[in-house]
Amino acid sequence: MAVLTPEQEASVRTQFAAGAAAADAKPAVRETQVQLPPSLTVKELADYLHVTAVEIIKELMRNGIMANINQQIDYETAAIVADTFGVQASPMAMDTAVVEAVAEDQTQVKMTSRSELFSLEGEAAEDLKTRPPVVTVMGHVDHGKTSLLDAVRQTKVAAGEAGGITQSIGAYTVEERNRRIVFLDTPGHEAFTAMRARGAQVTDVAVLVVAADDGVMPQTVEAISHAKAAGVPIVVAINKIDKEGANPDRVMQGLSEHGLVPEKWGGQTVMVPVSAKLKTGLSELLEMILLVADLQDLKANPAKPAAGTVIDAHLEKGRGAVATVLVQSGTLRVGDNVVVGHIFGKVRALLNDQGKKLKEAQPATPAVLMGLPDVPTAGDIFQVVSSEKVARTIAGQRAELRRVAALSKTRRITLADLASQVEQGAVKDLNLVLKADSNGSLEALKQSLLKIQDPKVQIKIVYEGVGPVTESDILLAAASNALAIAFSVKPDVQAQRAAEREKVDIRQYDVIYNVTNDIGNAIRGLYEPTFVQVWEGRAEVITPIRIPKVGTIAGVRVQEGKITSGSVAKVSRANQLLFEGPIGGLKRFKDDVKEVTAGLECGIRVDGHQDFQQGDIIESFQVHQG
């Protein structure tokens with residue numbers, strides 16, 4: 001805690017003296033337990049403890065801390081002060097950063113989860129109104145996702161909005177039979193899952209686009225897994241039925257093999273043949289979307305203060321920070337005070353997807369929001385609060401939460417701590433993402449894993465596929481809190497980066513028994529931690545360098561990540577592993593260095609290996625217990 005200047009100290013002492021009489025007059029009402037946020041002001045702590053700010057300042061002074069009434073103090077300091085008043089402090093639940101004002105003076109806030117914020121529980125039936133469905137379109141590249149979106153947009157824009165879309169805001173509204181449908185124009189299932197990994201669940205229906213002349217492709221299967229993992233119902237649009245060679249039955253057969261059995265074959269999945277080029281089948285597709293939405297009975301209370309999710313945001317010349325938001329609860333109005341993530345501001349203007357000004361936006365309405373001082377992050381929640389004072393308080397606490405989260409990172413499930421989480425009841429489903437070198441290996445691995453029986457934990461395969469572990473696999477694992485199992489395959493560079501960023505545990509195996517043994521033992525608490533290698537960087541050998549009394553080292557250029565002295569090096573030639581051993585040293589311009597980052601050149605000495613050739617690849621790995 002910073003020490004105040006003499007002038008500030010004098011001010012504090014003046015406050016103390018001025019408030020002494022009030023302190024004597026105010027009866028102390030003591031709580032025995034209290035939950036405190038990571039950071040709060042002296043005044044807020046006084047309110048939590050039901051004492052005067054003067055008493056808090058006095059106690060802080062006794063501990064050598066000079067603070068005024070509006071100064072921020074951290075949780076540890078606040079907990080010590082609380083203890084002196086006979087109050088046991090505990091950290092406030094921080095599973096989300098959604099808050100609402102609860103105190104009369106609106107200086108205290110209560111943490112509320114996303115699910116609580118958007119829950120209809122306790123709402124009066126007469127307050128709930130049917131809302132439009134929110135739709136995300138996904139599918140394999142070149143199967144016509146963008147063409148289908150454009151066709152729908154051009155032919156089904158909301159009544160009275162003729163003239164075409166004037167701007168791209170990432171979301172837009174169409175009309176079918178006088179009912180609205182909201183489409184989110186996301187780049188694909190990766191963006192869909194990246195938002196879900198951050199806790200944002202905004203989609204009611206997923207439209208899976210499959211080309212009739214091409215059939216089920218790898219990205220089709222990925223999209224199915226991502227939608228299923230999110231628990232979102234799927235409507236299939238069989239596109240390009242106008243093309244020569246179109247075979248909808250083959251598409252339906254392929255989808256059936258992945259659990260999407262069409263209604264006409266006795267299944268539960270709605271499949272609609274369409275042609276984005278000829279603009280046929282669009283009305284039928286929209287009608288089916290509405291039918292699937294009706295089965296979910298989508299409702300919201302428009303009378304509440306608004307809350308929702310940021311879909312996209314950017315900085316725009318002349319407008320400043322511009323955010324596309326989806327209102328999910330309540331009604332957003334011009335002039336509202338809003339908190340978005342750790343940012344607060346006032347709604348200066350609202351625009352619809354046609355660029356026209358709105359006075360308000362009701363549930364399931366996408367809108368462009370202007371008036372924020374900074375650009376928020378996609379997936380952030382926005383919430384309307386009663387005053388700028390409340391907004392400022394909340395934003396300050398959110399900023400502290402953001403700092404704490406950056407230090408601690410999100411804790412994902414790992415094999416090493418699985419047993420302890422099971423014992424605490426934190427894990428009831430063990431989600432797995434499986435990647436293998438062949439369909440035969442994949443099927444054998446899957447069947448072996450599903451045979452593991454345990455009364456506390458059920459194993460679920462959220463995605464399975466053939467080929468290396470990709471970034472998309474890691475995003476799905478992060479969103480599903482899953483382990484990634486790589487059987488006889490390796491993660492690609494983007495996947496390794498994503499795993500490090502998202503803290504996803506990738507386990508690499510080449511024997512099925514080892515997979516089932518590790519997971520079975522981890523569930524039962526018998527797992528013995530092993531050492532795992534975490535990818536760090538990659539370099540290409542430019543030329544071998546002969547050094548007297550040392551031998552041959554590799555003159556390299558670091559292509560990605562970083563190379564660190566003391567890490568494990570894997571030397572490969574033509575995709576074949578030649579040698580694995582420790583990096584004995586790094587040199588830059590004759591100087592020994594500890595690490596070299598991407599774009600730089602250096603000399604690498606690998607202990608026990610000197611047979612370097614131009615074009616060899618050296619990958620650096622850190623060894624951790626896992």
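Notes on the structure in this doc start here. Nothing here was measured: the structure is a model prediction, and the numbers come from that model.

### Things to note about the sheet that holds strand S26 (residues 458-466)
- Strand order in the open sheet formed by 4 strands is S26-S25-S27-S28, with parallel pairing between adjacent strands. What marks the edges here is a single partner per strand, and that holds for S26 and strand S28 (506-509). Taken pair by pair, the neighbouring strands of this sheet meet at an average axis angle of 25 degrees, ignoring direction.

### Description of unusual backbone geometry
- One non-glycine residue, lysine 240, adopts positive backbone phi at about 65 degrees.
- As for its placement among the helices and strands, lysine 240 is situated in the loop between strand S12 (234-239) and helix H10 (248-256).
- A positive phi angle is found at phenylalanine 589, which is not glycine, with a value near 55 degrees.
- Structurally, phenylalanine 589 can be placed in the loop between strand S32 (576-588) and strand S33 (591-593).

### A short note on the packing of aromatic side chains
- Per the stated rule, a full pass over the model turns up 1 aromatic pair.
- Judged by centre distance (5.8 Å) and plane angle (15 degrees), the ring pair of tyrosine 172 and phenylalanine 183 falls under stacked. Here the residue tyrosine 172 occupies a position in strand S9 (residues 171-176), and phenylalanine 183 occupies one in strand S10 (residues 179-184), the gap between them amounting to 11 residues.
- Residue classification places phenylalanine 183 among the buried positions, given a relative accessible area of 3%.
- The ring of tyrosine 172 has arginine 153 lying over it, and the distance from NZ or CZ to the ring centre is 4.7 Å.

### Section: the sheet that holds strand S19 (residues 343-346)
- With respect to topology, 8 strands assemble into an open sheet ordered S19-S18-S24-S15-S16-S23-S20-S21, the strand pairing being antiparallel. Bordering the open sheet on either side are S19 and strand S21 (357-358), each of which pairs with just one other strand.
- Where strand S20 (residues 349-351) lies against strand S23 (residues 365-372), 3 bridges are found, and the strand directions are antiparallel. In the sheet register, leucine 350 faces S23, and the bridge partner there is leucine 369.

### What to know about the pairing of strand S18 (residues 337-340)
- Covered by surrounding structure in S18 are Asn337 and Val339 together with Val338 and Val340, the residues of both alternating faces.
- The pairing of S18 with strand S24 (residues 381-385) spans 4 bridges and is antiparallel. Within the sheet, the bridge partner assigned to valine 340 lies in S24 and is phenylalanine 382.
- As paired strands, S18 and S19 are joined by 4 bridges and run antiparallel to one another. Among the inter-strand pairings, valine 340 is bridged to a residue of S19, identified as isoleucine 343.
- Where S18 hands over to S19, the hairpin turn is made up of 2 residues, of which glycine 341 adopts a positive phi near 60 degrees.

The rules behind these values
- Sequence order as written defines residue numbering, which begins from 1 separately in each chain.
- pLDDT decides what is reported in this predicted model: residues at 70 or higher carry local features, side-chain atom pairs at 80 or more are listed and counted, and totals for whole chains, interfaces and linings draw on all residues regardless.
- Excluded from the side-chain calculation are hydrogens and water; included are all heavy atoms of the structure.
- DSSP bridges decide pairing: two strands pair if at least two such bridges lie between them.
- Only runs of H or I of at least four residues qualify as helices and only runs of E of at least two qualify as strands under DSSP, and these elements are numbered from the N terminus.
- For every element, the axis is a line fit to its C-alpha atoms; helices are fit only across the contacting stretch, and the angle between N-to-C directions ranges from 0 to 180 degrees.
- Here the aromatic set is Phe, Tyr and Trp, taking the six-membered ring for Trp, and pairing holds for ring centres within 6.5 Å; pairs whose planes are under 30 degrees apart are stacked, those over 60 apart are edge-to-face, and all others are tilted.
- For each residue, the accessible area found with a 1.4 Å probe, counting protein chains only, is set against the maximum for its type, and the residue is called buried under 20%, exposed over 50%, and partly exposed in between.
- Comment: the charge-over-ring label is applied if NZ (Lys) or CZ (Arg) is within 6 Å of the ring centre and within 35 degrees of the ring normal.

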